[in-house]
Amino acid sequence: MNYLWAFMILIGIVYAALTGNLQNAADAALSSAQEAVQLSLTMCGIMSLWVGLMEVAKDSGLIDKIKESTDPLLHFLFPSIPQHHPAKEPIAMNIIANVLGLGWAATPAGLKAMEELSKLEDDRRQGRLPGPVRKKGIASNEMCTFLIINISSLQLIPVNVIAYRSQYGSVNPAAIVGPGIAATAVSTVAAVVFCKIMDRRQIR
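Residues numbered from 1 in each chain as written. Predicted model: local features only at pLDDT ≥ 70, side-chain atom pairs only at ≥ 80, totals over all residues. Heavy atoms only, no water.

*Asks:* What's the story with the overall build of the chain in this structure? I'm lost.
*Replies:* When its secondary structure is counted, the chain shows nine helices and zero strands. Going from N to C terminus, the chain has its helices and strands arranged as α-α-α-α-α-α-α-α-α. By principal-axis analysis of the C-alpha atoms, the chain measures approximately 70 × 40 × 30 Å. Expressed as a percentage of its 204 residues, the buried residues of the chain come to 29%. Counted over contacts in the chain with a minimum sequence separation of 6, partners at least 24 positions apart contribute 63%. On the chain, roughly 12800 Å² of surface is accessible, and the fraction owed to carbon and sulfur atoms is 68%. With 17 positive and 15 negative side-chain charges, the chain shows a separation of 10 Å between the mean positions of the two kinds. (Helix = DSSP H or I, 4+ residues; strand = E, 2+ residues; numbered from the N terminus. Buried < 20%, exposed > 50% of the residue type's maximum accessible area, 1.4 Å probe, protein only. Contact = heavy atoms within 4.5 Å. Areas by Shrake-Rupley, 256 points an atom, 1.4 Å probe, with all protein chains shown as cover. Lys, Arg positive; Asp, Glu negative; His and termini not counted. Charge placed at Lys NZ, Arg CZ, Asp CG, Glu CD.)

Structure, rendered in C-alpha coordinates:
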(Lines give C-alpha, C1' and ligand atoms only; values in the text may rest on other atoms or scores of the structure.)
Protein backbone atom coordinates (compact mmCIF):
# COMPACT_ATOMS: atom_id res chain seq x y z
CA MET A 1 0.00 0.00 0.00
CA ASN A 2 2.86 2.39 0.75
CA TYR A 3 4.27 1.89 -2.74
CA LEU A 4 0.80 2.34 -4.26
CA TRP A 5 0.15 5.63 -2.45
CA ALA A 6 3.65 6.91 -3.25
CA PHE A 7 3.12 6.05 -6.93
CA MET A 8 -0.25 7.82 -7.02
CA ILE A 9 1.18 10.95 -5.37
CA LEU A 10 4.14 10.98 -7.76
CA ILE A 11 1.87 10.59 -10.80
CA GLY A 12 -0.33 13.43 -9.53
CA ILE A 13 2.63 15.77 -9.06
CA VAL A 14 4.09 14.94 -12.48
CA TYR A 15 0.71 15.40 -14.20
CA ALA A 16 0.13 18.73 -12.41
CA ALA A 17 3.58 19.93 -13.47
CA LEU A 18 3.05 18.93 -17.11
CA THR A 19 -0.37 20.59 -17.31
CA GLY A 20 0.67 23.77 -15.49
CA ASN A 21 -1.48 23.08 -12.44
CA LEU A 22 1.30 22.62 -9.92
CA GLN A 23 0.15 25.60 -7.83
CA ASN A 24 -3.43 24.27 -7.77
CA ALA A 25 -2.14 20.87 -6.66
CA ALA A 26 -0.13 22.48 -3.86
CA ASP A 27 -3.16 24.50 -2.72
CA ALA A 28 -5.35 21.37 -2.80
CA ALA A 29 -2.79 19.45 -0.73
CA LEU A 30 -2.70 22.19 1.93
CA SER A 31 -6.49 22.56 2.07
CA SER A 32 -6.92 18.79 2.26
CA ALA A 33 -4.45 18.63 5.15
CA GLN A 34 -6.47 21.29 6.97
CA GLU A 35 -9.73 19.40 6.35
CA ALA A 36 -8.11 16.18 7.59
CA VAL A 37 -7.15 17.84 10.89
CA GLN A 38 -10.66 19.29 11.34
CA LEU A 39 -12.27 15.95 10.53
CA SER A 40 -9.93 14.13 12.92
CA LEU A 41 -10.89 16.49 15.76
CA THR A 42 -14.59 16.00 15.00
CA MET A 43 -14.29 12.22 14.91
CA CYS A 44 -12.11 12.21 18.04
CA GLY A 45 -14.87 13.97 19.96
CA ILE A 46 -17.55 11.59 18.66
CA MET A 47 -15.41 8.56 19.38
CA SER A 48 -14.59 9.76 22.90
CA LEU A 49 -18.28 10.30 23.64
CA TRP A 50 -19.37 6.84 22.49
CA VAL A 51 -16.41 5.00 24.01
CA GLY A 52 -17.22 6.71 27.30
CA LEU A 53 -20.88 5.71 27.01
CA MET A 54 -19.83 2.11 26.31
CA GLU A 55 -17.68 2.12 29.45
CA VAL A 56 -20.56 3.54 31.51
CA ALA A 57 -22.85 0.84 30.11
CA LYS A 58 -20.27 -1.80 31.00
CA ASP A 59 -19.79 -0.54 34.57
CA SER A 60 -23.55 -0.24 35.13
CA GLY A 61 -24.10 -3.87 34.14
CA LEU A 62 -26.06 -3.02 30.99
CA ILE A 63 -23.50 -4.77 28.78
CA ASP A 64 -23.83 -7.93 30.90
CA LYS A 65 -27.60 -7.91 30.43
CA ILE A 66 -27.25 -7.35 26.70
CA LYS A 67 -24.66 -10.13 26.56
CA GLU A 68 -27.08 -12.51 28.29
CA SER A 69 -29.80 -11.62 25.79
CA THR A 70 -27.39 -12.20 22.90
CA ASP A 71 -26.12 -15.54 24.25
CA PRO A 72 -28.31 -17.57 21.83
CA LEU A 73 -26.92 -15.57 18.90
CA LEU A 74 -23.33 -15.94 20.14
CA HIS A 75 -23.84 -19.67 20.65
CA PHE A 76 -25.16 -19.96 17.09
CA LEU A 77 -22.21 -18.02 15.68
CA PHE A 78 -19.56 -19.57 17.95
CA PRO A 79 -20.82 -22.99 19.05
CA SER A 80 -17.34 -24.17 20.06
CA ILE A 81 -16.80 -21.43 22.66
CA PRO A 82 -17.69 -22.63 26.20
CA GLN A 83 -20.78 -21.08 27.75
CA HIS A 84 -19.10 -18.76 30.27
CA HIS A 85 -15.78 -18.19 28.52
CA PRO A 86 -14.31 -14.65 28.93
CA ALA A 87 -14.15 -14.22 25.14
CA LYS A 88 -17.93 -13.80 24.94
CA GLU A 89 -18.04 -10.42 26.68
CA PRO A 90 -15.66 -8.56 24.32
CA ILE A 91 -17.28 -10.30 21.32
CA ALA A 92 -20.69 -9.05 22.48
CA MET A 93 -19.32 -5.53 23.08
CA ASN A 94 -17.72 -5.50 19.63
CA ILE A 95 -20.93 -6.60 17.92
CA ILE A 96 -22.98 -4.02 19.86
CA ALA A 97 -20.56 -1.22 18.97
CA ASN A 98 -20.60 -2.24 15.32
CA VAL A 99 -24.41 -2.40 15.25
CA LEU A 100 -24.43 1.18 16.57
CA GLY A 101 -22.00 2.16 13.84
CA LEU A 102 -19.13 2.83 16.25
CA GLY A 103 -16.36 1.12 14.32
CA TRP A 104 -13.60 2.90 16.22
CA ALA A 105 -15.18 2.16 19.59
CA ALA A 106 -15.47 -1.50 18.56
CA THR A 107 -11.72 -1.82 17.99
CA PRO A 108 -10.60 -2.19 21.65
CA ALA A 109 -13.26 -4.85 22.26
CA GLY A 110 -12.25 -6.61 19.04
CA LEU A 111 -8.60 -6.75 20.11
CA LYS A 112 -9.60 -8.09 23.53
CA ALA A 113 -11.82 -10.71 21.90
CA MET A 114 -8.96 -11.90 19.69
CA GLU A 115 -6.71 -12.09 22.75
CA GLU A 116 -9.24 -14.25 24.61
CA LEU A 117 -9.79 -16.46 21.56
CA SER A 118 -6.02 -16.96 21.37
CA LYS A 119 -6.02 -18.06 25.03
CA LEU A 120 -8.89 -20.43 24.24
CA GLU A 121 -6.81 -21.99 21.48
CA ASP A 122 -3.84 -22.34 23.86
CA ASP A 123 -6.08 -24.13 26.37
CA ARG A 124 -7.14 -26.57 23.64
CA ARG A 125 -3.55 -27.27 22.68
CA GLN A 126 -2.72 -28.05 26.30
CA GLY A 127 -5.77 -30.31 26.66
CA ARG A 128 -7.58 -28.16 29.23
CA LEU A 129 -10.57 -27.65 26.91
CA PRO A 130 -12.10 -29.86 24.20
CA GLY A 131 -12.29 -28.83 20.58
CA PRO A 132 -10.33 -28.89 17.32
CA VAL A 133 -6.68 -27.95 17.74
CA ARG A 134 -4.76 -25.80 15.25
CA LYS A 135 -1.04 -25.38 14.90
CA LYS A 136 0.35 -22.34 16.66
CA GLY A 137 0.16 -19.30 14.39
CA ILE A 138 -2.93 -20.56 12.52
CA ALA A 139 -6.23 -18.78 13.23
CA SER A 140 -9.01 -20.87 14.75
CA ASN A 141 -12.53 -21.16 13.31
CA GLU A 142 -13.78 -18.78 16.00
CA MET A 143 -11.14 -16.18 15.10
CA CYS A 144 -11.99 -16.37 11.39
CA THR A 145 -15.73 -16.19 12.06
CA PHE A 146 -15.32 -13.22 14.41
CA LEU A 147 -13.11 -11.38 11.92
CA ILE A 148 -15.51 -11.91 9.01
CA ILE A 149 -18.55 -10.83 11.05
CA ASN A 150 -16.63 -7.85 12.37
CA ILE A 151 -15.75 -6.78 8.81
CA SER A 152 -19.29 -7.31 7.46
CA SER A 153 -20.60 -5.35 10.46
CA LEU A 154 -24.39 -4.97 10.58
CA GLN A 155 -25.06 -1.28 11.37
CA LEU A 156 -28.34 0.24 12.50
CA ILE A 157 -26.92 3.71 13.14
CA PRO A 158 -23.78 4.47 11.07
CA VAL A 159 -22.56 7.22 13.40
CA ASN A 160 -19.18 7.64 11.72
CA VAL A 161 -20.65 8.03 8.22
CA ILE A 162 -23.28 10.48 9.49
CA ALA A 163 -20.48 12.52 11.10
CA TYR A 164 -18.51 12.52 7.84
CA ARG A 165 -21.57 13.67 5.86
CA SER A 166 -22.32 16.38 8.42
CA GLN A 167 -18.70 17.58 8.35
CA TYR A 168 -18.84 18.03 4.59
CA GLY A 169 -22.15 19.91 4.57
CA SER A 170 -24.69 17.22 3.65
CA VAL A 171 -28.28 18.52 3.62
CA ASN A 172 -29.52 15.31 5.26
CA PRO A 173 -26.61 13.45 6.92
CA ALA A 174 -28.92 10.73 8.31
CA ALA A 175 -30.26 9.79 4.86
CA ILE A 176 -27.60 7.07 4.77
CA VAL A 177 -29.29 5.09 7.56
CA GLY A 178 -31.72 3.12 5.38
CA PRO A 179 -29.27 2.13 2.63
CA GLY A 180 -26.65 1.41 5.31
CA ILE A 181 -28.94 -1.02 7.14
CA ALA A 182 -29.81 -2.81 3.89
CA ALA A 183 -26.20 -3.08 2.70
CA THR A 184 -24.75 -4.22 6.02
CA ALA A 185 -27.62 -6.66 6.63
CA VAL A 186 -26.89 -8.35 3.29
CA SER A 187 -23.13 -8.43 3.98
CA THR A 188 -23.64 -9.86 7.48
CA VAL A 189 -26.02 -12.59 6.29
CA ALA A 190 -23.55 -13.49 3.54
CA ALA A 191 -20.75 -13.60 6.12
CA VAL A 192 -22.68 -15.89 8.48
CA VAL A 193 -23.70 -18.25 5.67
CA PHE A 194 -20.11 -18.41 4.40
CA CYS A 195 -18.75 -19.17 7.89
CA LYS A 196 -21.30 -21.93 8.48
CA ILE A 197 -20.59 -23.52 5.09
CA MET A 198 -16.84 -23.49 5.75
CA ASP A 199 -17.33 -24.95 9.25
CA ARG A 200 -19.42 -27.82 7.93
CA ARG A 201 -16.98 -28.46 5.09
CA GLN A 202 -14.11 -28.63 7.60
CA ILE A 203 -16.04 -31.02 9.85
CA ARG A 204 -16.67 -33.33 6.87
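Once you've had a look at it, read on.
*Asks:* Quick question: what am I supposed to make of helix H5 (residues 88-99) here?
*Replies:* Each full turn of the α-helix corresponds to 3.6 residues, which orients residues three or four apart in the same direction. The end-to-end C-alpha distance of H5, which contains twelve residues, comes to 16 Å, matching closely the 16 Å that a straight helix rising 1.5 Å per residue would cover. Among the twelve residues in H5, ten count as buried, and that is most of the element. Residue glycine 101 follows H5 closely and has a positive phi angle near 80 degrees. (Expected span 1.5 Å × (residues − 1).)

*Asks:* Mind showing me how you'd approach the nonpolar core here?
*Replies:* Across soluble globular proteins, you tend to see nonpolar side chains buried next to one another. Ranked by size, the top nonpolar core spans 14 residues in total, and within it Leu74, Leu77, Phe78, Ile81, Ile91, Leu117 and Phe146 carry the most contacts. Those residues within four positions of leucine 77 in sequence are excluded, and the remaining contacts are Thr145, Ile149, Val192 and Lys196. (Core = buried A, V, L, I, M, F, W, Y, C linked by side-chain atoms within 4.5 Å.)

*Asks:* Please clarify how the packing of aromatic side chains should be interpreted in this entry.
*Replies:* The description of an aromatic ring pair rests on the distance of the ring centres and on the angle between the ring planes. If you walk through the whole model with that rule in mind, you get zero aromatic pairs. A cation over an aromatic ring shows up here: lysine 196 above the ring of phenylalanine 76, its NZ or CZ 4.5 Å from the ring centre. (Phe/Tyr/Trp six-rings, centres within 6.5 Å; stacked < 30°, edge-to-face > 60°. Lys NZ or Arg CZ within 6 Å of the ring centre and 35° of its normal.)

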